[in-house]
Amino acid sequence: KATVSVLYWSKMSLFDVAESTWWGKVLYSLMRLDASYPNSTAVTVEEIFLLVALAVVGLFIGLWVPYKLAKASMSKGGIQMLMNLVPAAVICYGCVWAKSQIDTRYGSFVPNPEFIKEIPEYHGKINPNVFREMYKGLPVVARGVLSEDELAIWKPAALSTAFKGAKAAMQLGNVEQGEAGYGDFDLAEFFGNMDDVEYVKKITTKEGGVPYLAEENNILRQGGSKYMDAVSDMFQKTLIEANDTSFHFTDVWIWAGPKGVKTGLHADWDPTNLLHQLYGSKTVWLLHPSETPKCYPSTKYDMGATIANVDPFDPDLKKFPDFAKASIMKVDIHPGDVIQVPAGWMHYASCQTTSCVSLSGRSFTFAETVSMLPVLGGAVLHRFGLYGGSSTSGYVAGDASM
């Protein structure tokens, strides 16, 4: 009641109260006013009444009905669990519809294409609020975030030593616009020879292309506590402050490969998605969400991501003529730089130096996690072949990011 009253009388942004109260978190997750929809200003009276109505219905269905059904056959603990979980799911799914209705009436909350013509740079002292607040929902490159000492352990020679004896499946080809294969490689050998042109030629296949350790999140633990501690320190600078005790779901993914490795054109769903460049230089291209139709979205399944049909590195303009009209922003990132890739922005990337090592950090608050339940449910159904059709890769539950 207090949150709704504040929203009604002051017409504050939902973002401003999202993390202050339980109801604020629910309203925030329902409306999905996260990084995908920056520039959201005032909440209208119609939106408030719509959300309150849905909350009432959701609570009734989610609390009273399960209670009545379970009362005769379940323990008190089981009933309590249902009363906690079911309302969240019901309200979450109900407000996917609510958001679509509001978008239909008012349009999605995305920045006007005229608002941003090039990717801004940030050169000041870094902290997580730079990305989540100051540049909420916008691409930005923070220069020189990581020091030489912090970058040292990510050099190929250091990685080769740390991951001796470890193996990993590597992507062969453009997983987004093509049919990529996978091959197993010894990590110590791969890391130690990424800068060796002759070695790269030897392991490059005619069918698949240059091997790419793409979006791998399991091997870092094999490098010992040194790497996990380094990731933790890095994320305290960019993703979550050390004294922030609120709930966050955080994930980390490593990308490594020689010159020529590419990530195809796609848009991700992650509310906060930061790419940390650790070794070598990479070029990243981004397109405003209004440009998405010109990228010819495909029906490939990739857990919340949107995959483009057009290959940006070799576009077939006869088949995809509108791609030639797309407005594309380009930026080069170097060791120590961090780029924010907003949800809903089409992007692609390529390594420009002899080799590259990057680390993606993604974070979800409580509200953002709840709002993603439909996507996670779809991923489970997809794994059993019940939803989503063909996948971008053999890694069904993974989405591409950089």
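Look above for the structure.
Residues numbered from 1 in each chain as written. Predicted model: local features only at pLDDT ≥ 70, side-chain atom pairs only at ≥ 80, totals over all residues. Heavy atoms only, no water.

The subject of this paragraph is the sheet that holds strand β13 (residues 346-351). Across the sheet, five strands lie side by side as β10-β7-β13-β9-β11; this open sheet has antiparallel pairing. The open sheet terminates on both sides in strands that have one partner only, identified here as β10 (306-307) and β11 (329-333). Direction of pairing for strand β7 (residues 262-267) relative to β13: antiparallel, over a ladder of three bridges. Bridge pairing in β13 links K262 to S350. (Pairing = 2+ DSSP bridges. Helix = DSSP H or I, 4+ residues; strand = E, 2+ residues; numbered from the N terminus.)

Looking now at the side chain of S360. Tracing the backbone shows S360 in strand β14 (residues 355-365). A relative accessible area of 1% means that S360 is categorised as buried. Among the polar contacts made by the side chain of S360, one reaches the side chain of W255 at a distance of 2.9 Å. (Buried < 20%, exposed > 50% of the residue type's maximum accessible area, 1.4 Å probe, protein only. Polar contact = N/O pair within 3.5 Å; in protein donor to acceptor, adjacent residues only side chain to side chain.)

To continue, consider the packing of aromatic side chains. Across all of its chains, the model carries 11 aromatic pairs by this definition. Between Y212 and W255, the aromatic rings sit 6.0 Å apart at their centres with planes inclined by 45°, giving tilted as the arrangement. Taken together, the positions of Y212 in strand β5 (residues 211-216) and W255 in strand β6 (residues 248-258) put the pair 43 residues apart, joining distant regions of the chain. Exposure remark for Y212: the relative accessible area of 4% places this residue in the buried category. Using a relative accessible area of 3% as the deciding quantity, one classes W255 as buried. Where W285 meets F313, the ring centres are 6.0 Å apart and the plane angle is 85°; that geometry is what we call edge-to-face. (Phe/Tyr/Trp six-rings, centres within 6.5 Å; stacked < 30°, edge-to-face > 60°.)

Quick look at the pattern of salt bridges now. Enumeration according to the criterion identifies seven salt bridges in this entry. One salt bridge connects R143 with E121, and the closest N-O pair in it is separated by 3.0 Å. Separated by 22 residues along the polypeptide, R143 in the loop between β2 (140-142) and α7 (148-151) and E121 in strand β1 (residues 121-122) bring together distant segments of the chain. Since its relative accessible area comes to 39%, E121 is described here as partly exposed. Salt-bridge contacts for E198 lead to K201; the nearest nitrogen and oxygen are separated by 3.8 Å. Here K201 and E198 lie together in helix α10 (residues 197-203), a separation of three residues that amounts to about one turn. (Salt bridge = Lys/Arg side-chain N within 4 Å of Asp/Glu carboxyl O.)

In terms of residue burial, strand β9 (residues 282-287) counts as a mostly covered element, since six of its six residues are buried. The alternating pattern of β9 places K282, V284 and L286 and T283, W285 and L287 on opposite faces, both of which are buried. Of the pairings in the sheet, the one linking β9 to β13 comprises six bridges and is antiparallel in character. When the bridges of β13 are listed, V284 appears paired with A349.

Time to look at helix α11 (residues 225-238). With 14 residues, α11 ought to run about 20 Å at 1.5 Å a step, and its terminal C-alpha atoms sit 20 Å apart, in line with that. By the burial criterion, the buried members of α11 are Y227, A230, V231, M234, F235 and T238. Viewed along the axis of α11, the buried residues span an arc of 130°, placing them on a single side of the element. (Expected span 1.5 Å × (residues − 1). Arc of directions from axis to C-beta.)

Our next topic: the sheet that holds β5. Pairing is mixed in the open sheet, where nine strands are placed in the order β1-β2-β12-β8-β14-β6-β5-β3-β4. Every interior strand has two partners, whereas the edge strands, β1 and β4 (181-186), have only one. For β2 and strand β12 (residues 338-340), the ladder comprises three bridges, and the chain directions are antiparallel. If you follow V141 over to β12, its bridge partner there is I339. Its contacts with the sheet put α11 on β6, β8 (272-279), β12 and β14, and the angle it makes with β8 is roughly 125°. (Contact = heavy atoms within 4.5 Å. Axes fitted to C-alpha atoms, helices over the stretch in contact; angles between N-to-C directions.)

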